[in-house]
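# Coordinates in review
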Amino acid sequence: MALSTVSRVRRQLPTSPWLFAAPGLLITGAFILYPFGSTLVNAFTDRRTLIPGHFVGFANFRELWHDDMFWTGLRNSTLYIVGVVPALVVLPLLLALLVQKNIPGITFFRSAFYTPVVASIVVVGLIWVWLLDERGLVNSLLETIGVGRIGFLSDQWLLLFSAMAVTVWKGLGYYMIIYLAALASVPRELHEAASVDGAGAVRRFFTVTVPAVRSTMVLVGALSSVAAFKVFSEVYLMAGPSGGPAGEDTTLVMLVQRTGTGLTGRVGYASALSVVVFVVTVALMLLVLRADRKEDS
């Protein structure tokens, strides 16, 4: 009896791992693989929201090349990377250095710095809109001290830079936690040896801290680059659905949302835009990893 039970269990073992993995595989297939494949197929069709599409080859991509809004979105998304990524690589590291010491009350500051991360992006965006509005708190203070009101949400470039500031402010705590984990693994002996050699705090930062967390800086750079290129919520909440004055603050993801939604949404064209966003984000990841490997070699 026991032998028959063992043989039956052995026959079932090859399929048991797949049974455990089945729920995760189903969720991945339904919400990741199928939408990705559907988007890829739709990119080569003229499908609309309520109208099945027909194969049009590379017509959508040729239209992208001549679409001024596409180039505007690509410019803004690229500028977002340039403005946000350096700040999110350096500032959280400096913040982590400030809060890594175990001194009384430091837990409060760690929690305070991390609070924007767990806050809803909609709430954060609305708060900053109220602060930077023409009649908001910031402009009221500026007018009080005689500077005058500034059009943070009405000027094309100020609006984009304001959205960048919100992104940096919200992401500081998240990347600070990543750096804190990396700094915890740096041997204290390295800092002590550098101090014995006469290195000051700044020199120890560049000769000990930065080399020790360089791989983490690469990770933060890659994550923040992809997130910055795919930015949507901050700009959408501050610039509105139109994308700011004359749509000049529209990002690529905002253009995808605007083009592909609604009863007359151009799903095929929006899918082509999505494919471009995917290709660029993958290229960004590969460039960051390649630069890291070159520096290692």
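Since we're looking at a predicted model, the values are computed, not measured.

### Comments concerning the overall build of the chain
- Each helix and strand counted, the chain has 14 helices and zero strands in total.
- For the chain, the sequential pattern of α-helices and β-strands runs α-α-α-α-α-α-α-α-α-α-α-α-α-α.
- Taking the principal axes of its C-alpha atoms as reference, the chain extends roughly 75 × 65 × 40 Å.
- In the chain, once contacts between residues fewer than 6 apart in sequence are set aside, the share between residues at least 24 apart is 67%.

### What about unusual backbone geometry?
- Of note in the backbone geometry, Ala246 takes a positive phi value of approximately 60° without being a glycine.
- Along the chain, Ala246 turns up in the loop between helix 12 (233–239) and helix 13 (252–260).

### Quick look at the packing of aromatic side chains
- In the structure shown here, the tally under the stated rule is 11 aromatic pairs.
- Each ring, one from Phe108 and one from Phe109, has its centre 5.4 Å from the other, and the planes form 75°; the classification is edge-to-face.
- Assessed through its relative accessible area of 42%, Phe109 is described here as partly exposed.
- Taken together, the ring pairs connect Phe44, Phe58 and Phe61 into an aromatic cluster.
- Geometry around Tyr269 places Arg266 over its ring, the cationic atom sitting 4.5 Å from the centre.

### Topic: the confidence of the model for the chain
- The predicted model of the chain averages 87 in pLDDT, with 93% of residues at 70 or higher.
- Element-level mean pLDDT values for the chain span from 55 in helix 1 (residues 2–12) up to 94 in helix 3 (residues 59–65).

### Quick word on the pattern of salt bridges
- Using the criterion set out here, one finds three salt bridges in the structure.
- Between Arg266 and Glu63 there is a salt bridge, with the nearest N and O atoms lying 2.9 Å from each other. In this pair, Arg266 is assigned in the loop between helix 13 and helix 14 (267–296) and Glu63 in helix 3, connecting sequence segments 203 residues apart.
- Judged by relative accessible area, Arg266 falls into the partly exposed class, the value being 27%.

### Re the side chain of Thr72
- Tracing the backbone through its elements, the reader meets Thr72 in helix 4 (residues 68–99).
- For Thr72, a relative accessible area of 12% puts it in the buried group.

### Regarding the environment of Pro116
- Here Pro116 is to be found in helix 5 (residues 106–118).
- When the C-alpha positions of Pro116 and Lys170 are compared, they lie 5.1 Å apart, and in sequence the two are 54 residues distant.

Calculation criteria
The written sequence of each chain sets the order in which its residues are numbered from 1. Only residues with pLDDT of at least 70 are given local features in this predicted model, and only at 80 or more are side-chain atom pairs given and counted; all residues enter the totals for whole chains, interfaces and linings. Side-chain figures throughout are based on the complete set of non-hydrogen atoms in the structure, without hydrogens or water. What counts as a helix is a DSSP run of H or I of at least four residues, what counts as a strand is a run of E of at least two, and both are numbered from the N terminus. Two residues form a contact once any of their heavy atoms are found within 4.5 Å. To pair, rings of Phe, Tyr and Trp, with the six-membered ring standing in for Trp, must have centres within 6.5 Å; the planes then decide the type, stacked if under 30 degrees apart, edge-to-face if over 60, and tilted in the middle. For the exposure calls, accessible area comes from a 1.4 Å probe over protein chains only, and a residue counts as buried if that area is under 20% of its type's maximum, exposed if over 50%, partly exposed in between. The criterion for a charge sitting over a ring is simple: Lys NZ or Arg CZ within 6 Å of the ring centre, and within 35 degrees of the ring normal. For every residue, the predictor states its confidence as a pLDDT score lying anywhere from 0 to 100. When a carboxyl oxygen of Asp or Glu lies within 4 Å of a side-chain nitrogen of Lys or Arg, that pair is called a salt bridge.

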